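Read off the chains here:
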Amino acid sequence: MWLWVGIIGVWLWSGIVDIPQLVRERQRGVLMLHLLLMALMTAGSVVYIYSNHPPNPLKWIQAAFSSYSKAIYSLLS
């Protein structure tokens, strides 16, 4: 429940303080980036709330880059 309060609080704070300033200054790129990051962080928080074991992105990164690191290591040794 406290995580939901935190999510709603951050969205409210952002909607009251940050977003109107970006709209007034017509910084659409920064506004879109801000909203994208907020949506990603909200999605991550919701996954954490409802999943007993949320996925670990470090394992995905390791799986993606392990073959490259092995190839480079074999070239250097």
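Residues numbered from 1 in each chain as written. Predicted model: local features only at pLDDT ≥ 70, side-chain atom pairs only at ≥ 80, totals over all residues. Heavy atoms only, no water.

## A word on the environment of Gly6
Stage number 1. Considering the arrangement of structural elements, one finds Gly6 in helix H1 (residues 2-24).
Stage number 2. Since its relative accessible area comes to 35%, Gly6 is described here as partly exposed. (Helix = DSSP H or I, 4+ residues; strand = E, 2+ residues; numbered from the N terminus. Buried < 20%, exposed > 50% of the residue type's maximum accessible area, 1.4 Å probe, protein only.)

## Concerning the packing of aromatic side chains
Stage number 1. By the definition in use, this model includes 2 aromatic pairs.
Stage number 2. With 6.4 Å between their ring centres and 50° between their planes, Phe65 and Tyr68 make a pair best called tilted. Note that Phe65 and Tyr68 are positioned in helix H3 (residues 57-76) at a spacing of 3 residues, about one turn of the helix. Both residues of the pair, Phe65 and Tyr68, belong to the exposed class. (Phe/Tyr/Trp six-rings, centres within 6.5 Å; stacked < 30°, edge-to-face > 60°.)

## As for the side chain of Ser14
Stage number 1. With respect to the element layout, Ser14 can be found in helix H1.
Stage number 2. Contact partners of Ser14, with chain neighbours within four places excluded, come to Ile19, Pro20, His34 and Met38. (Contact = heavy atoms within 4.5 Å.)

## Side note on helix H2 (residues 28-50)
Stage number 1. Helix length check: H2 (23 residues) gives 33 Å between terminal C-alpha atoms against 33 Å at 1.5 Å per residue, within 8%.
Stage number 2. Residues of H2 that are buried sit in contact with H1. (Expected span 1.5 Å × (residues − 1).)

## Notes on the confidence of the model for the protein chain
Stage number 1. In this model, the protein chain carries an average pLDDT of 85, and 100% of its residues clear a pLDDT of 70 or more.
Stage number 2. At the low end of the mean pLDDT range in the protein chain sits H1, at 84; at the high end sits H2, at 87. (pLDDT = per-residue confidence, 0-100.)

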